[in-house]
Amino acid sequence: MLVNRKLILAHFWLAFGAFGFALMLGAWQMFIRSPLHNWLSDPEWYYRSLTAHGTVMAYVFPTLVAMGFGYAISESALEQRLVGVRWAWAGFWLIVAGGIMAMVPVALGRASVLYTFYPPLIGSPFYYIGVVLVVVGSWVWVALMSVNLAVWKRAHPAAPVPLAMFANVAGSYLWAWTAVGAAVELLLQIIPVALGLKTTIDAGLARVFFSWTLHSIVYFWLIPSYIAFYAIVPRAIGGKVYSDTMARIAFISFLVVAMPIGIHHTFADPQVGAGFKFIHSAFTALVVVPTLLTVFTICASVEIAGRLRGGRGLFGWIKALPWDNPIMLALAFSFIMLGFGGAGGIINMSYQLDASIHNTQWITGHFHLIFGGAIVIMYFAIAYDLWPHLTGRALEDLRLIRAQLWLWFIGMIITTFPWHYVGILGMPRRMAYFDFTDSALSAQALPVILSVIGALILLISGLLFLAILVRSQVAPHIEAGSYRFSEAVHPPTTLPVVFNSFGLWVALMIGLTLTNYGFPIAALATRPDTSVPAVYVGAQ
Amino acid sequence: MSAREIFNLRNPYFAVSVVAATFFVLAALGGFIVLPYAQRELKFAGLWDVICSAAGLPRGAPSTAAPTSAFKTSNVVLTSTTLAHPSQQSIGNGATLAQRCAICHGPTGISRADSPNLAGQYASVIYKQLLDFRSGARSNAVMTPFAENLSDQEIADLAAYYAYLPRLPAYHPERQLPKPHVVIFGAPLRGIAPCGACHGSLDNKTGSPWLEGQSEVYMKVQLQAFASGRRRNDINEQMRNIARAMTPQEIDAAAAYYASQPPELVRAAY
């Protein structure tokens, strides 16, 4: 039962509106630094745009999707009105206020520090405080998910928590702990310098704190998509979840191993010891476990749907799948992009292989393929699936929806494959322009132009997505029925406590953070000789 | 629950914790002991040294002495708040001291002698260059004797005074020249950033002067001095690297261009 539809719609609309805005910036960035455009006479504009693009796409957009989807899951999976609606609205408005507060200095060119902050670069304090408000707003959601689950558990003692809600709460706990790294960096290190209370900053320590957030934030972005894999896709295509337990193990593994692996982002940093880099590399390898479990379980669930639809033989079930169903299409595209992106990720996490692609366009290609591709295409699927239940109106034009998903998939492949390739050629990331006339770079001109074409396709697809949602707001009313999630082949009737609660897993998540981050942070924090003068950007 | 029940692999809490701890210990053994020893080129004093090194702790200083420089290097520390908010007394005292500078740098800080115009220059620039002249990190037959007799406070006062003066249109601006490519865009493949990224028209990096309306001859000579290594008080070699990578034609064009620009284009320092 979806009662607080306005609340959920507000989150989704703000998320997708911000996404459309940041998408345009992204396409502009691809274009102006390509051989198709003259060099920018003021590169600051590029970094300004890049800061806005990253801040919106990394902090605002996925957080709002996770929150809106989380509220929808809480109400429909638990069949219980959301407890704390006022708090939920307060969290929403905190994000609105924080988003505006952060974006104004960025637009004025006073915080062109990129969304990863990069101290000793220091921008306007309003930018950082705005980001903190966005995070605080999302923590309200974390608390509400926990409270709603507790209320439900009290009313249903010993009953298995529905899978969607179990995964949703796992995601919220992951985010709560993930965000602590960047929050500490902002509150204890950057904001005092931005306010002028200090003039030096320990940039190395700040980077370690940010790495705490930087990798597991990706799994926070990814959790709604994984929930969609398990809880939406099998139902939407007429199948069943192959294994409820396997799904729970996947989400639990994300909770435990997504966190203590972020130092693989600082393989090239001198302030972290090689031993800890290796430990983080080894733990990163563990993340393939939940992903491969998911790929296996979902393929099996989809096979069930194919066989129920009359598919026979080794591969006949694939043909029998409902390929005209947008959710089926989105899943297939998502898995293909996840496969390529994941393979690239194995290179990034390998301590030695990383050296050849560190800080090149390969990295940008990698995270756009994983996040912009595999994850965001499932955000589209979530929106398409949920929209009629939120608006009470039909999404009529399935052909348009399929075209949008195809365009996103094709656009993302055309954008990111050349991006990976030029990365291997050594093209650095975060550059406002490149001298393609030089013989050393001229081989990169064509792939870069290709990726611009991909970016334009993505822009068209993104705008089409918004148009489809807007159109549905004026479509005829329908009775969408109650919003349901997939059923498992063997629905759990009783579950061991470990698969029905989070105590052990949260303890492990925190414990592994201490073992993997405790020493590097303590060693840097207690050294007196590690601070450097802050460099204030755009301060004139 | 008795201790036997807790520490039993049938207890899922205990079993999972054992798996996680085992994985951590194996990873730590690999990262802290096996891999460092596998790298033959690394030299260690013993197992503890290996572990400390892998943990990222600073190791004992090498036995060889640190290389000594054949020349004086700049030891001025600048942050973006060095010299911020000078007092009126400091500016006034600077004005009195500046009488000595007027013969070359002009009574209003605008030079008629191909010396730099100082009126409205960033305080950090004057402060750093005077300190470098005094320490010998930068030398000049005229400037060095002046700087040698200045105290720290007098140098700060002079910096405050000149930064306080209005930026008058320079004495010798000519027609505005077209923008040279190297000034506007730099040359990415030669490691040359756009000049304005540090020198004020796009952004100001602390310690870098604005250049608009300065003497063409002066700027050219300085770029050549950086390129040849005669001037080396840029602590990170940023100007030496850039000047070395510039062609003589680019040096001429950059100097001529900046000399022709009015100083109103320059941003205030932070």
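Everything quoted here is computed from the prediction, not taken from an experiment.

Peer 1: I keep staring at the overall build of chain A and nothing clicks. Help me out?
Peer 2: Looking only at helices and strands, one finds 16 helices and four strands in chain A. The C-alpha radius of gyration of chain A comes to 23 Å, within 12% of the 24 Å expected for a compact globule of 540 residues. Projecting the C-alpha coordinates of chain A onto the three principal axes gives extents of approximately 60 × 50 × 45 Å. Relative to its full complement of 540 residues, chain A shows a buried share of 63%. Looking at chain A alone, contacts between residues at least 24 apart form 84% of all its contacts between residues at least 6 apart.

Peer 1: How should I be thinking about the interface of chain A and chain B in this particular structure?
Peer 2: Accessible area lost upon the coming together of the parts serves often as the stated size of an interface. Each partner contributes to the interface: chain A provides 36 residues, whereas chain B provides 37 residues. Taken over both partners, the interface formed by chain A and chain B buries close to 3100 Å², and the fraction arising from carbon and sulfur atoms is 75%. Here chain A and chain B share zero salt bridges between them. Across the contact surface, chain A and chain B share three residue pairs in polar contact (both at pLDDT 80 or more). Among the elements of the structure, helix H8 (274–286), helix H16 (503–526) and strand E4 (535–536) of chain A are those that each provide at least two residues to the side of chain A that touches chain B. Element by element, the count of residues in the side of chain A that touches chain B is highest for H8(A), at eight residues. Classifying every residue of the side of chain A that touches chain B gives 24 nonpolar, eight polar and four charged.

Peer 1: Can you walk me through the pattern of salt bridges in this structure?
Peer 2: Residues and elements named next belong to chain A. All chains considered together, the criterion is met by 14 salt bridges over all chains. Residue arginine 207 pairs with aspartate 269 through a salt bridge whose shortest N-O separation is 2.4 Å. Of the two residues, arginine 207 sits in helix H6 (residues 203–236) while aspartate 269 sits in the loop between helix H7 (244–257) and H8, which places them 62 residues apart along the sequence. Relative accessible area serves as the criterion here: at 28%, arginine 207 is assigned to the partly exposed category. For aspartate 385, the salt bridge goes to arginine 235, with nearest N and O atoms at 2.8 Å. In this pair, aspartate 385 sits in helix H13 (residues 361–391) while arginine 235 sits in helix H6, placing the two residues 150 residues apart along the sequence. Judged on exposure class, the residue aspartate 385 and its partner arginine 235 are both buried.

Peer 1: When you look at the packing of H6(A) against helix H9 (residues 288–308) of chain A in this model, what are you seeing that I'm missing?
Peer 2: Helix-helix packing is characterised by the crossing angle of the two axes and by the distance between the axes. All names here are of chain A. Two elements in contact, H6 and H9, have axes separated by 11 Å at closest approach and are oriented at 10°. Classified by the angle between their axes, H6 and H9 sit roughly parallel to one another. Across the interface between the two elements, Tyr226, Phe229, Tyr230 and Pro234 from H6 touch Pro290, Thr291, Leu293, Thr294, Thr297, Ile298 and Ser301 from H9. The residue inventory of the contact of H6 with H9, partitioned by class, reads seven nonpolar, four polar and no charged.

Peer 1: It is not clear to me how the side chain of Ser76(A) should be interpreted in this structure. Could you clarify?
Peer 2: Topologically, Ser76(A) is positioned in helix H2 (residues 44–78). Polar side-chain contacts of Ser76(A) include one of 2.5 Å to the backbone oxygen of Ala72(A).

Peer 1: How do you make sense of the packing of helix H2 (residues 12–38) of chain B against helix H3 (residues 47–55) of chain B when you look at a structure like this?
Peer 2: Residue and element names in this part refer to chain B. Between H2 and H3, whose axes approach to 9 Å, the crossing angle comes to 110°. When the axes of H2 and H3 are compared, the pair comes out roughly perpendicular. Contacts from Gly31, Phe32, Ile33, Pro36 and Tyr37 of H2 reach H3 at Leu47, Val50, Ile51, Ala54 and Ala55.

Peer 1: I tried to follow unusual backbone geometry on my own but got confused; where do I start?
Peer 2: Outside of glycine, negative phi angles account for most residues, and trans bonds account for most peptide bonds. Residues and elements named next belong to chain A. Cis rather than trans, the peptide bond between proline 119 and proline 120 has omega equal to 15°. Positive phi is not limited to glycine here, since asparagine 359 has a value of about 60°. For arginine 430, which is not glycine, the phi dihedral falls at a positive 60°. Residue position: arginine 430 is located in the loop between helix H14 (398–424) and helix H15 (442–472). Residue class for arginine 430 comes out partly exposed when judged on its relative accessible area of 22%.

Peer 1: Any chance you could explain empty space enclosed by the protein here in plain terms?
Peer 2: The gaps of empty space that remain are located by a probe, the size of a water molecule, rolled over the atoms. Residue and element names in this part refer to chain A. Summed over the entire model, instances satisfying the criterion amount to three cavities of 30 Å³ or more. Its boundaries defined by the atoms lining it, the largest cavity holds a volume of some 630 Å³. His53, Thr364, Phe367, His368 and Trp419 are the residues nearest the centre of the largest cavity, which is lined by 34 residues in total. At the level of secondary structure, the elements contributing two or more residues to the lining of the largest cavity comprise helix H1 (5–32), H2, H13, H14 and H15. In terms of residue class, the lining of the largest cavity is made up of 21 nonpolar, ten polar and three charged.

Peer 1: Is there a simple way to think about helix H4 (residues 88–97) of chain B in this case?
Peer 2: The periodicity of an α-helix, 3.6 residues per turn, causes residues three or four positions apart to be oriented the same way. Residue and element names in this part refer to chain B. Residues of H4 that are buried include every one of Ser90, Ile91, Gly94 and Leu97, and no others. Across the axial projection of H4, the buried residues extend over an arc of 120°, all falling on one side. Of the exposed residues in H4, those oriented more than 90 degrees away from the buried face are Gln88, Gln89 and Thr96. Buried residues along H4 sit against helix H8 (152–164).

Peer 1: Is there a simple way to explain the nonpolar core in this structure?
Peer 2: Burial of nonpolar side chains together is a common tendency in soluble globular proteins. Residues Phe12(A), Phe16(A), Phe61(A), Tyr71(A), Tyr127(A), Tyr128(A) and Trp221(A) are the most contacted members of the largest nonpolar core, which totals 186 residues. Top contributing element to this core by residue count: H6(A), with 21 residues. Counting residues in hydrophobic clusters, the runner-up holds 30 residues, among them Phe185(B), Cys195(B), Leu211(B) and Tyr258(B).

Peer 1: For this particular structure, what's the right way to read the environment of Phe133(B)?
Peer 2: Looking at where Phe133(B) falls in the secondary structure, it is placed in helix H6 (residues 123–135). With 19 residues separating them in the primary sequence, Phe133(B) and Asp152(B) have C-alpha atoms 12 Å apart.

Peer 1: Teacher, can you tell me more about the domain arrangement of chain B here?
Peer 2: What the domain assignment lists for chain B is domain 1 (3–64) and domain 2 (88–260). Between the C-alpha centres of domain 1 of chain B and domain 2 of chain B the distance comes to 54 Å.

Peer 1: Can you help me understand the packing of aromatic side chains in this one?
Peer 2: Working definition: an aromatic ring pair is given by the centre-to-centre distance plus the angle between the planes. Residues and elements named next belong to chain A. Per the stated rule, a full pass over the model turns up 51 aromatic pairs over all chains. Arranged with centres 6.2 Å apart and planes meeting at 70°, the rings of phenylalanine 12 and tryptophan 387 form a pair that is edge-to-face. You can see phenylalanine 12 sitting in helix H1 and its partner tryptophan 387 sitting in helix H13, a full 375 residues away along the chain. Residues phenylalanine 12 and tryptophan 387 agree in their burial class; the two are buried. Taking NZ or CZ as reference, arginine 48 lies 4.0 Å from the ring centre of tryptophan 45, over its face.

Peer 1: Whenever I open this one, a nonpolar patch on the surface confuses me. Can you help?
Peer 2: Residues and elements named next belong to chain A. Taken together, the side chains of Val288, Val289, Leu292 and Ile346 present a nonpolar region at the surface, about 320 Å² in accessible area. The element that contributes the greatest number of residues to the nonpolar patch is H9, accounting for three residues. With respect to the helices, strands and loops of the structure, isoleucine 346 is situated in helix H11 (residues 326–349). Among the residues examined, isoleucine 346 registers a relative accessible area of 42% and is labelled partly exposed.

The rules we used
- Residues numbered from 1 in each chain as written.
- Chains lettered and ligands numbered in written order.
- Predicted model: local features only at pLDDT ≥ 70, side-chain atom pairs only at ≥ 80, totals over all residues.
- Heavy atoms only, no water.
- Helix = DSSP H or I, 4+ residues; strand = E, 2+ residues; numbered from the N terminus.
- Rg over C-alpha atoms; globule rule 2.2 N^0.38 Å.
- Buried < 20%, exposed > 50% of the residue type's maximum accessible area, 1.4 Å probe, protein only.
- Contact = heavy atoms within 4.5 Å.
- Buried area = accessible area lost by both parts, 1.4 Å probe.
- Salt bridge = Lys/Arg side-chain N within 4 Å of Asp/Glu carboxyl O.
- Polar contact = N/O pair within 3.5 Å; in protein donor to acceptor, adjacent residues only side chain to side chain.
- Nonpolar A, V, L, I, M, F, W, Y, C, P; charged D, E, K, R; others polar.
- Axes fitted to C-alpha atoms, helices over the stretch in contact; angles between N-to-C directions.
- Parallel < 35°, antiparallel > 145°, perpendicular 65-115°, else oblique.
- 1 Å grid on protein atoms, 1.4 Å probe; cavity = no way out; pocket = protein on both sides within 12 Å on 5 of 7 lines; lining within 4 Å.
- Points joined across faces, edges and corners; volume = space filled by probe spheres on them.
- Arc of directions from axis to C-beta.
- Core = buried A, V, L, I, M, F, W, Y, C linked by side-chain atoms within 4.5 Å.
- Domains from an automatic or database assignment.
- Phe/Tyr/Trp six-rings, centres within 6.5 Å; stacked < 30°, edge-to-face > 60°.
- Lys NZ or Arg CZ within 6 Å of the ring centre and 35° of its normal.
- Patch = residues over 30% accessible without salt bridge, like charges linked within 9 Å, V, L, I, M, F, W, Y side chains within 5 Å.
- Areas by Shrake-Rupley, 256 points an atom, 1.4 Å probe, with all protein chains shown as cover.

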